[in-house]
Amino acid sequence: MLLSSRSPLEVMLDSLRLRDNSGESSPDLPPALPSRPISKARLPKRLIRSTIAVQHVVSCDTSNNNEKLDVKCSSRSSGGGGGCGFGRKKMIGAAAAATSSVSVDSIGYFIRNKLGVWCKSRNDRWELGKIESAVGEDVTVRVSNGNMITVSRRELLPANTDVLDGVADLVELSYLNEPSVLHSLQYRYNRDIIYSKAGPVLLAFNPFKDVNIYGDDFVAAYKEKILDNPHVYAVADAAYNDMMKDGVNQSIIISGESGAGKTETAKFAMQYLASVKSQNYEMKSKLIQTSCILEAFGNAKTSRNWNSSRFGKLIDIHYSAEGMISNACIQTYLFEKSRVSQICRGERSYHVFYQMCAGAPPVLKDNLNLKMSSEYKFLNQSGCLKINGVDDAHNFIKLVDAFDTLGIHGLDQENIFELLAAILWLGNISFAAIDEELVEPVADEASRSAARLMGCKMDDLMMVLSTNRAHNMTEPLTLQQATDKRNTLANFVYESLFNWLIEEVNTSLKGNTQHTRHAISILDTYGFESLQRNSLQQLFINYADERLQQHFIRHLCKLEQEEYELEGIHWKKVEFEDNQECLDLFEKKPMGIISMLNECSNSSIATDTTFTEKIKQHLSYNLCISCEEGAFRVRHYAREVQYDASGLLEKDSDKLQFDTIQLLSSCKKPLNLSGSASGVMNQVQAAGQSVGSKFMDHLSKLINQMENSKQHFIRCIKPNTKKLPGIYESDIVWEQLKCSQVMEVMQISKSRYPLRFTHQEFASRFGCLLSTNVMCMDPLSTSVAILQQHRVPTQMYQVGFQKLFFRGQVDALENLRQEVLGSTRELDNRFLGGRVLVDFHELKFGIVTLQSFIRGENARRAFNVLKKQNHGIALSSLDQHMTTVVHIQSGTCYIKTYGW
Ligand SMILES: Nc1ncnc2c1ncn2[C@@H]1O[C@H](COP(=O)(O)OP(=O)(O)OP(=O)(O)O)[C@@H](O)[C@H]1O
């Protein structure tokens with residue numbers, strides 16, 4: 001009767017307790033609870049002898065009788081019969097038995113006890129249900145809608161108890177299986193709780209709606225620790241506090257698919273970091289306004305996201321020693337310039353074009369000869385000019401405000417808009433046939449406006465668009481060549497404008513570099529892309545994504561486990577998929593994709609076909625690549641993508657024709673177009689570096705910068721492909737969790753030891769907690785003595801060759817240490833206080849004694865003088881009188897000093 005009212009968790013805990021007590025392995029074992037590796041601590045010999053059996057109290061408060069289970073751990077912790085020797089890979093005896101029982105994820109226990117399970121239904125969906133009966137391999141389950149289904153026991157997974165529904169950190173789930181994790185996340189998502197922790201990673205679900213959890217009040221609540229549930233503000237707060245406390249640079253790495261919410265998350269993190277301390281108002285508003293400019297010029301509507309960032313960015317916010325923002329800097333990479341002249345159906349070019357056409361005031365429109373967006377070919381080619389719910393005209397006003405805040409004023413703004421209009425007019429330049437194949441540009445409103453707005457001669461522009469001039473030879477152009485040349489020119493002008501703007505924004509954010517101490521960097525990466533036609537841009541985006549994924553698993557899966565292995569502590573290795581092979585495909589020198597691409601784009605005889613042949617010849621050993629006619633497929637960690645080889649080399653070499661550079665150099669507009677043209681020429685042509693190899697260098701610098709900082713990871717998740725609120729598509733979510741190896745990271749975190757000290761560090765930090773004199777002991781003996789004296793449960797730590805690893809309990813030791821140090825300080829103060837008082841009295845006594853002697857001496861001298869003057873008149877009576885006065889004076893001084 002009593003048992004029937006108990007929760008399944010309680011039943012399981014009881015069963016575990018009974019098993020532990022009896023020391024036998026029951027056939028009715030529950031499946032693995034969170035694994036608790038056994039301590040490896042071996043007591044140094046000296047301590048083994050002297051230590052009385054240490055009792056580790058394992059609290060099992062969940063049992064009905066509230067009984068405490070006292071496990072005598074002296075043999076375990078002393079490394080005796082249990083074989084728990086310190087610092088070697090050992091799992092013999094009790095420890096080994098524990099491990100094997102932990103690894104048996106027996107569903108049998110759930111079946112026998114008719115507990116809650118997840119079962120895979122016929123449509124391949126996980127359903128929650130209760131075991132009804134079992135015959136052989138077949139198990140009948142009553143699912144949540146009341147229906148009975150019969151499945152094989154292999155298609156069952158243990159379910160967590162209801163109390164664990166919607167836990168803030170998924171690592172707290174007893175069973176970390178696919179349906180349990182998905183269920184927990186859905187539970188939270190349905191309640192608009194979009195942030196959850198997956199161990200060290202923050203999972204951020206895109207709500208596709210306003211969830212009212214941002215703004216000054218929330219910033220204040222996280223700052224003052226009134227709120228501490230998972231949130232991007234909490235991550236930013238941790239980064240800020242770690243920077244201030246440890247004096248180490250921090251980075252917040254935000255990743256996820258396109259449209260998962262990276263840019264929004266980065267904005268919220270920046271908002272918090274700009275407000276965390278009452279910052280300089282000007283710097284704060286400048287920082288916040290940069291997003292408006294970056295989004296107008298670098299974001300566009302794509303099929304996956306109406307506000308997709310078409311560049312990667314790293315924002316460094318530098319702080320002074322007092323925690324005030326001193327300056328900031330933005331680095332961008334892989335800007336998608338081809339979007340200026342080519343857009344897929346249903347997508348848009350950069351927002352700023354539409355904003356200007358919709359919102360420019362009449363005077364500016366006249367000056368630019370500006371038409372509606374529908375009249376420009378670069379904009380109308382995709383059949384999409386508007387975005388639902390977005391007011392381009394209003395955003396234009398916000399853009400101008402942002403320019404003003406960042407100090408980009410009057411003439412510069414005019415020049416920016418002139419270049420934007422020039423690009424639109426360039427797109428409208430048409431070509432007329434001069435013979436069957438060759439063409440020349442038409443001298444009309446479009447070419448006139450483009451030349452005027454760029455500040456070059458119309459004839460020069462016409463000449464560049466009708467011929468190729470090289471080595472004193474002039475060749476007329478075909479329609480395709482002329483169109484490509486025009487588009488390359490437009491793309492280049494826009495990219496130069498974008499780079500110029502980033503420089504201006506950085507100048508404005510320069511602030512006070514002298515007081516800079518440390519920085520927090522926010523990395524908002526490109527999301528993985530797989531389009532219908534994938535070319536160079538997608539190849540590099542996906543390579544960058546692959547690189548960052550390697551960084552993610554290296555930090556959260558590889559390094560952690562390698563350290564445990566190196567230190568020889570007990571650790572059950574969590575297998576994860578390493579994408580190193582795919583990365584080698586790109587990075588290997590001299591025969592990786594990027595090096596080969598670089599070599600081919602610098603060669604005058606290489607073609608796209610010879611490039612793919614080269615790939616086939618040199619990389620076919622790598623299982624992550626396969627070649628086809630005019631294309632190759634790469635098996636990325638996220639999914640397989642087919643890349644079209646045509647045009648790859650040209651895009652990678654990114655060369656401007658010589659006459660185009662000359663034309664740009666002659667432009668009168670001051671936004672450094674000519675400078676950019678020669679700059680590009682110098683970088684690309686002189687150094688012989690292709691876009692790909694430049695990007696690879698840039699990316700490795702970026703990764704190095706992050707390696708040298710403390711890292712905080714945020715993984716953004718797209719809950720559905722419809723981009724709508726309230727829809728949770730489990731398979732879409734699972735795909736993202738699986739690809740990014742979040743499940744493996746959680747499994748590692750579940751049993752990881754987040755705190756670690758070298759023996760030396762631990763001994764010197766907590767040595768003050770030992771009651772006996774330990775000065776002669778080595779650091780390991782001291783450390784173990786501290787752990788034993790303070791009864792730190794063995795499942796809370798492990799002792800490695802050089803380090804101690806902790807899962808917790810260090811806070812308690814730290815508090816004790818503070819108490820001990822606090823009372824020592826008080827004693828010191830008391831002692832010092834008494835000492836000062838004694839010193840004061842001694843000094844005072846000296847001064848007063850000196851004073852009395854001086855006064856006495858003065859009086860004696862005055863008496864002698866008086867005696868001589870009165871020639872012995874009443875000499876004896878006077879003599880007696882003076883002597884009495886002097887004695888009285890000296891006596892008074894003595895009494896003043898010492899009292900009676
Ligand atoms: N926390 C949030 N609250 C409200 N809406 C959000 C949030 N995060 C994302 N969104 C919505 O989702 C859209 C897409 O988000 P965002 O642009 O940040 O995605 P992304 O991952 O940066 O995509 P891309 O890689 O294409 O740039 C946003 O424009 C916004 O409408």
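It should be noted that the structure appears before, not after, this text.
This report concerns the structure included in the present document. (Residues numbered from 1 in each chain as written. Predicted model: local features only at pLDDT ≥ 70, side-chain atom pairs only at ≥ 80, totals over all residues. Heavy atoms only, no water.)

Quick look at the packing of helix 17 (residues 458–466) against helix 24 (residues 658–665)
So, point 1. The N-to-C vectors of helix 17 and helix 24 enclose an angle of 165°; their axes lie 10 Å apart at closest approach. Put simply, helix 17 runs roughly antiparallel to helix 24. Like other packed secondary-structure pairs, helix 17 and helix 24 cross with a definite hand, here left-handed. Here D460, L461 and V464 of helix 17 come into contact with helix 24, specifically with D659, T660 and L663.
So, point 2. Looking at the contact of helix 17 with helix 24, its residues break down into three nonpolar, one polar and two charged. (Axes fitted to C-alpha atoms, helices over the stretch in contact; angles between N-to-C directions. Helix = DSSP H or I, 4+ residues; strand = E, 2+ residues; numbered from the N terminus. Parallel < 35°, antiparallel > 145°, perpendicular 65-115°, else oblique. Left-handed = near helix turned anticlockwise from the far one by under 90°. Contact = heavy atoms within 4.5 Å. Nonpolar A, V, L, I, M, F, W, Y, C, P; charged D, E, K, R; others polar.)

A word on the packing of helix 16 (residues 445–454) against helix 17
So, point 1. Closest axis-to-axis distance for the helix 16/helix 17 pair is 9 Å, and the angle between their directions is 115°. In terms of orientation, helix 16 lies roughly perpendicular with respect to helix 17. For helix 16 against helix 17, the interelement crossing comes out right-handed. Contact residues: helix 16 offers S447, R448, A450 and A451, while helix 17 offers M458, L461 and M462.
So, point 2. Residues of the contact of helix 16 with helix 17, tallied by class, amount to five nonpolar, one polar and one charged.

A look at the site of the ligand
So, point 1. In the vicinity of the ligand there are 21 residues, among which S258, G259, K262, T263 and S308 approach most closely.
So, point 2. The separation between an oxygen atom of the ligand and a polar main-chain atom of A260 is 3.2 Å.
So, point 3. At 2.7 Å, a side-chain N or O of K262 approaches an oxygen atom of the ligand.
So, point 4. In isolation the ligand has 630 Å² of accessible area, and contact with the protein removes 91% of it.
So, point 5. If you list the elements that add at least two residues to the shell around the ligand, you get helix 9 (262–275) and strand 12 (308–309).
So, point 6. Per-element accounting of the shell around the ligand gives the leading share, four residues, to helix 9.
So, point 7. Grouping the constituent residues of the shell around the ligand by class yields seven nonpolar, 10 polar and four charged. (Near = heavy atom within 4 Å. Polar contact = N/O pair within 3.5 Å; in protein donor to acceptor, adjacent residues only side chain to side chain. Areas by Shrake-Rupley, 256 points an atom, 1.4 Å probe, with all protein chains shown as cover.)

Some words on the sheet that holds strand 24 (residues 755–758)
So, point 1. Within the open sheet, the three strands sit side by side as 24-26-25. Their pairing is antiparallel. In this open sheet, the two strands that pair with only one neighbour each are strand 24 and strand 25 (797–799). Neighbour-to-neighbour, the strand axes of the sheet open up by a mean angle of 15°, direction not taken into account.
So, point 2. Across four bridges, the pairing between strand 24 and strand 26 (residues 803–806) is antiparallel. Residue pairing in the sheet places F757 in a bridge with L804 of strand 26.
So, point 3. Packing against the sheet, helix 29 (residues 759–766) makes contact with strand 24, strand 25 and strand 26, and its axis sits at approximately 95° to strand 24. (Pairing = 2+ DSSP bridges.)

Observations regarding the pairing of strand 22 (residues 640–644)
So, point 1. Across the two faces of strand 22 the burial differs, with V641 and Y643 buried and E640, Q642 and D644 not buried at all.
So, point 2. In the sheet, strand 21 (residues 631–635) pairs with strand 22 via five bridges, with the strands oriented antiparallel. Within strand 22, the position partnered with R635 by the bridge is E640.
So, point 3. Between strand 21 and strand 22, which pair antiparallel in sequence order, lie four residues. (Buried < 20%, exposed > 50% of the residue type's maximum accessible area, 1.4 Å probe, protein only.)

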